[in-house]
Amino acid sequence: MRTAPDFAFDSLGQVHLDRWSRGRVVLLGDAGYCPTPLTGLGTSLALVGGYLLAGELAAARGDHRAAFAAYERLMRPHVAASQQLPPGGTGGYAPRSALAIRMRAASMRWMTRWPLRNAMAAQFAKAGDIALPEYSDLTPVHPG
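Residues numbered from 1 in each chain as written. Predicted model: local features only at pLDDT ≥ 70, side-chain atom pairs only at ≥ 80, totals over all residues. Heavy atoms only, no water.

> Quick question: what am I supposed to make of the pattern of salt bridges here?
Pairs can form between side chains of opposite charge whenever their charged atoms are close. This structure, assessed with the given rule, holds 1 salt bridge. Taking the shortest distance from any N to any O, the salt bridge between Glu72 and Arg76 comes out at 2.6 Å. Placement of the pair is Glu72 and Arg76 together in helix H3 (residues 64–82), with a separation of 4 residues, close to one helical turn. (Salt bridge = Lys/Arg side-chain N within 4 Å of Asp/Glu carboxyl O. Helix = DSSP H or I, 4+ residues; strand = E, 2+ residues; numbered from the N terminus.)

This is the structure we're talking about:
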C-alpha cells in the first residue's frame, strides 16, 4: 500500500436527506439516497427511482410539485429498506484486523454456499421489494 502507485483510499458512506427536491430540481439515485457499495443495490435504486420519477411526472401532467411529492412518497420506504447493511455491516467488508481480513476472505469464497448463500440472496432480493405502478396509459405533456 505504501509503495503502490495506484493506491486509493476513500470512505464508505450513505446519503440520508430529509427531502430529495427543491423547486424544480430533484435528486435521483446516489445523489439522493446512496445506499453504499456494501448493499449492492445502488443501480437498482437508481433504475426504480428513474421509473417512478418519470411516471409521476407524466401522471402529474406538468405539476412538478405533485410529481416530486408522489415520487418521494413511493420511493422513500424502498430506499430505507435498501439502505440496511448486510450482516456484518462495514466491519464485514472493511475489516480492521488480520483475523477479520482472513474471515472476510473466507466468507467471500463461501458466498455461494449455505449458509451465506441465503444471507446474500436475502440482501439482493430487496431490489424487487417494491410494487411498481403501471404508467403505460399516460401521454407525456410538453410544457409550452
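> Would you explain unusual backbone geometry in this entry?
Working note: non-glycine residues mostly have negative phi, and peptide bonds are mostly trans. A positive phi is found at Arg61, a non-glycine position, where the angle reads about 50°. Tracing the backbone through its elements, the reader meets Arg61 in the loop between helix H2 (42–59) and H3. Assessed through its relative accessible area of 44%, Arg61 is described here as partly exposed. (Buried < 20%, exposed > 50% of the residue type's maximum accessible area, 1.4 Å probe, protein only.)

> How do you make sense of the packing of aromatic side chains when you look at a structure like this?
Here the distance between the centres and the angle between the planes together describe a pair of aromatic rings. With the rule as written, the count across this model stands at 3 aromatic pairs. Note on Trp20 and Tyr33: the rings are 4.6 Å apart at their centroids and 55° apart in plane angle, and the pair reads as tilted. A residue pair is termed long-range when its members are at least 10 positions apart, and Trp20 in the segment before strand S1 (21–22) and Tyr33 in helix H1 (residues 30–33) qualify at 13 residues. The exposure class of Trp20 is buried, given its relative accessible area of 2%. Aromatic side chains Trp20 and Tyr71 sit 5.8 Å apart centroid to centroid with 55° between the ring planes, which places their arrangement in the tilted category. Taken together, the positions of Trp20 in the segment before S1 and Tyr71 in helix H3 put the pair 51 residues apart, joining distant regions of the chain. The same class applies to Trp20 and to Tyr71, which are both buried. Residue placement shows Arg76 over the ring face of Trp20; its charged tip is 4.3 Å from the ring centre. (Phe/Tyr/Trp six-rings, centres within 6.5 Å; stacked < 30°, edge-to-face > 60°. Lys NZ or Arg CZ within 6 Å of the ring centre and 35° of its normal.)

> Help me understand the nonpolar core in this model?
Buried together is how nonpolar side chains tend to be arranged in soluble globular proteins. Residues Trp20, Tyr33, Leu45, Val48, Leu52, Leu53, Phe68, Tyr71, Met75, Val79, Ile130 and Tyr135 constitute the largest nonpolar core, which totals 12 residues. Taken together, the elements giving at least two residues each to this core come down to H2 and H3. What Phe68 contacts, discounting residues up to four positions off in sequence, is Ser21, Gly23, Arg24, Val25, Val26, Leu53 and Leu57. (Core = buried A, V, L, I, M, F, W, Y, C linked by side-chain atoms within 4.5 Å. Contact = heavy atoms within 4.5 Å.)

> Help me out: how do you make sense of a nonpolar patch on the surface in this one?
On the surface, a cluster of nonpolar side chains totalling about 430 Å² of accessible area is made up of Met1, Phe7 and Phe9. If you trace the backbone, Met1 turns up in the segment before S1. (Patch = residues over 30% accessible without salt bridge, like charges linked within 9 Å, V, L, I, M, F, W, Y side chains within 5 Å. Areas by Shrake-Rupley, 256 points an atom, 1.4 Å probe, with all protein chains shown as cover.)

> Would you mind showing me how to read the environment of Asp129 here?
The topology assignment puts Asp129 in the segment after helix H6 (116–125). For the pair Asp129 and Ser82, spaced 47 residues apart in sequence, the C-alpha to C-alpha distance is 9.0 Å.

> How should H3 be read in this particular structure?
Since the α-helix packs 3.6 residues into each turn, any two residues three or four apart lie on the same face. Across its 19 residues, H3 extends 26 Å between first and last C-alpha, which sits within 8% of the 27 Å expected from 1.5 Å per residue. Taken together, the buried positions of H3 are occupied by His64, Ala67, Phe68, Ala70, Tyr71, Glu72, Met75, His78, Val79 and Ser82. Where H3 is buried, its residues touch S1, strand S2 (25–26), H1 and H2. With a side-chain oxygen positioned 3.2 Å from the backbone nitrogen of Arg65, the residue opening H3 is Asp63. (Expected span 1.5 Å × (residues − 1). Polar contact = N/O pair within 3.5 Å; in protein donor to acceptor, adjacent residues only side chain to side chain.)

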